[in-house]
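Secondary and tertiary structure notes
Each chain, letter by letter, is given below.
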Amino acid sequence: WFATLLVAPRPLPRMDFSEGIPPESSALVVVPTMITGTENVEHLMDAMEVRFLANRDENLFFGLLTDFRDAGEEKLPEDEPLLLLARRRIEELNEKYRTPKGDTFFLFHRPRRFNPREHVWMGYERKRGKLAELNSYLRGGSRECFSLIVGKTESLSKVKYIITLDTDTQLPRDAARQLAGAMAHPLNRPQYDEH
């Protein structure tokens, strides 16, 4: 509260993408999350569909970046049925909202790996690891870090921006266009300082 009294917010300059995100600024909205049960999968899919409906754009894609919860062993009996459900729901969304350009919805699922420090099977580096492996894959890296990828990913080769949301974060109407417009503005491009 005190900080808001001292510093007034300044909107970032942004490109006007009100007519749509151009192909050279394509974006992928991803939610790094865990698959924990049937209700959880249904909730994740419903939330992704709602985000899509509020942010429809031919150069905007939506994905779930998932792991299973930590376990004492690499695979549990309930893992496979949950993955099959997630796969089926992604395929249903792609069929329901079919476009000539290809799939809009994707699932990137990682297997558990043994963490000797914590003595448990888990997703490598949780959220940061998921995003690093996704970015590597999208830039031509190996898909070996994912045990399952659902959706025809050819359309993702031109994705320039990743918009990362938490599981409970909403994406209000046309917010993705505004975010992509802010990232695309020349004054907002990151500068790398070697020193």
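In this report, we go over the structure that sits alongside the text. These numbers were taken from a predicted model, which means no experiment stands behind them. Residue numbers run consecutively from 1 along every chain, following the written order of its sequence. Where totals are concerned, whole chains, interfaces and linings use all residues; where local detail is concerned, this predicted model gives features only for residues with pLDDT of at least 70, and gives and counts side-chain atom pairs only at 80 or more. Water and hydrogen atoms play no part in the side-chain values, which are based on all heavy atoms of the structure.

1. Some words on the pairing of strand β3 (residues 105-109)
Moving residue by residue along a regular strand, the side chains alternate between the two faces of the sheet. Rules: Relative accessibility thresholds used throughout: buried, under 20% of the residue-type maximum; exposed, over 50%; partly exposed, between the two (1.4 Å probe, protein chains only). We count a stretch as a helix when DSSP gives it H or I for four or more residues in a row; a strand needs E for two or more, and each element gets its number in order from the N terminus. Whether two strands pair comes down to DSSP finding at least two bridges between them.
In terms of residue burial, β3 counts as a mostly covered element, since five of its five residues are buried. Where burial is concerned, the two faces of β3 agree: the one with Phe105, Leu107 and His109 and the one with Phe106 and Phe108 are both buried. Bridge count for strand β2 (residues 60-68) against β3 is five bridges, and the pairing is parallel. The residue bridging Leu65 from the neighbouring strand is Phe108, located in β3.

2. What to know about the sheet that holds strand β1 (residues 27-35)
How we decide: Between the N-to-C directions of two axes lies an angle of 0 to 180 degrees, each axis being a line fitted to C-alpha atoms and, for a helix, fitted only over the stretch in contact. The contact criterion used is simple: two residues touch if any of their non-hydrogen atoms lie within 4.5 Å.
Strand order in the open sheet formed by five strands is β6-β3-β2-β1-β7, and the pairing between neighbours is mixed. Of all strands in the sheet, those with a lone pairing partner are β6 (148-150) and β7 (161-164), marking the two edges. Averaged over all pairs of adjacent strands, the angle between their axes in this sheet comes to 20 degrees, without regard to strand direction. Here β3 pairs with β6 via three bridges, running antiparallel. Within β6, the position partnered with Leu107 by the bridge is Val150. With respect to the sheet, helix α4 (residues 126-138) is in contact with β1, β2, β3, β6 and β7, its orientation differing from that of β1 by roughly 140 degrees.

3. A closer look at a nonpolar patch on the surface
Note the cut-off: Nonpolar side chains (Val, Leu, Ile, Met, Phe, Trp, Tyr) within 5 Å and like charges within 9 Å form the patches, drawn only from residues with over 30% relative accessible area and no salt bridge. The accessible surface values rely on the Shrake-Rupley method and a 1.4 Å probe; as for residues, cover is taken only from the protein chains in view. Whenever a carboxyl oxygen of Asp or Glu lies within 4 Å of a side-chain nitrogen of Lys or Arg, that contact is scored as a salt bridge.
On the surface, Trp1, Phe2, Leu5, Leu6 and Val7 cluster together into a nonpolar patch covering about 680 Å² of accessible area. Structurally, Leu5 can be placed in helix α1 (residues 2-6). For Leu5, a relative accessible area of 54% corresponds to the exposed category.

4. Quick look at helix α5 (residues 175-184)
Of all 10 residues making up α5, seven are buried, and the element is well covered by its neighbours. Considering only its buried residues, α5 is in contact with β2 and β7.

5. Observations regarding the pattern of salt bridges
In total, this model carries 17 salt bridges according to the counting rule given. Residues Arg110 and Asp67 are paired through a salt bridge, measuring 2.9 Å at the closest nitrogen-oxygen approach. Taken together, the positions of Arg110 in the loop between β3 and β4 (113-115) and Asp67 in strand β2 put the pair 43 residues apart, joining distant regions of the chain. A relative accessible area of 2% places Arg110 in the buried class. Asp67 gets classed as buried once you look at its relative accessible area, which sits at 3%. Among the charged side chains, a network of salt bridges with common partners joins Glu42, Asp46, Arg88, Arg89 and Glu92.

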